[in-house]
Amino acid sequence: HVQLVESGGGSVQSGGSLRLSCAISGYAYSTYCIAWFRQAPGKEREGVAGIHSDGSTSYEDAVKGRFTISRDNAKNTVYLQMNSLKPEDTAMYYCAVDLGLGYYGCTVVAGTYQAADFGYWGQGTQVTVS
C-alpha cells in the first residue's frame, strides 16, 4: 500500500548540485526508515543515505559531507540534496522505506544497508554527472 515516487534527477556537470525528492503516500506509521539507494550499470545497489523517523540520519562514506538527507513531514516527502557531484555519483537513484528496521538498523553507515530490508521502492530517477 506504500507508494514512493522519486523526482529531481538529471544531468549535471561535475561539481554541480541536484536535489532529489521522494514523495511517499499510503502509510500512517510513526516509526520508519527511509533511505536512498543508487545503482550504476554493472554495480551492486548500495545505500547512500537514510533517515529515521526520529530525524537521525546516516550516510555512505563516499557521500558524507556532500549529500544531505532531510524530510518534510507535512508534505510526506524526503529529499536528498547532492552537492559537489562527481562522475562516480552517476547512477539510478531509488528511495525506499522500511517500517520495522528500527533505530539502529537505520542509523548504521548507509553503505551497509541491505536492499532486502526495504520493502517498498520507488521507480528511480537517473543522475548523470559528467
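Right above here is the structure, for reference.
Being a predicted model, the structure only gives us computed values, none of them experimental.

Rules behind the numbers
Residues numbered from 1 in each chain as written. Predicted model: local features only at pLDDT ≥ 70, side-chain atom pairs only at ≥ 80, totals over all residues. Heavy atoms only, no water. Phe/Tyr/Trp six-rings, centres within 6.5 Å; stacked < 30°, edge-to-face > 60°. Helix = DSSP H or I, 4+ residues; strand = E, 2+ residues; numbered from the N terminus. Buried < 20%, exposed > 50% of the residue type's maximum accessible area, 1.4 Å probe, protein only. Lys NZ or Arg CZ within 6 Å of the ring centre and 35° of its normal.

Draft legend 1. Examining the packing of aromatic side chains more closely. This structure, assessed with the given rule, holds seven aromatic pairs. Measuring from ring centre to ring centre gives 6.3 Å for Tyr94 and Trp121, while their planes differ by 80°; the resulting arrangement is edge-to-face. Pair noted here: Tyr94 is in strand E9 (residues 91-98) and Trp121 is in strand E10 (residues 120-121), with a separation of 27 residues, a long-range link. Trp121 gets classed as partly exposed once you look at its relative accessible area, which sits at 25%. Arranged with centres 5.6 Å apart and planes meeting at 50°, the rings of Tyr113 and Phe118 form a pair that is tilted. The burial state of Tyr113 is the same as that of Phe118; both residues are buried. Aromatic rings pair up to connect Phe37, Tyr94, Tyr113, Phe118 and Trp121 into one cluster. Against the face of Tyr79 rests Arg19, its NZ or CZ located 4.3 Å from the ring centre. The positively charged end of Arg45 is found above the aromatic ring belonging to Trp121, 4.8 Å away from the centroid.

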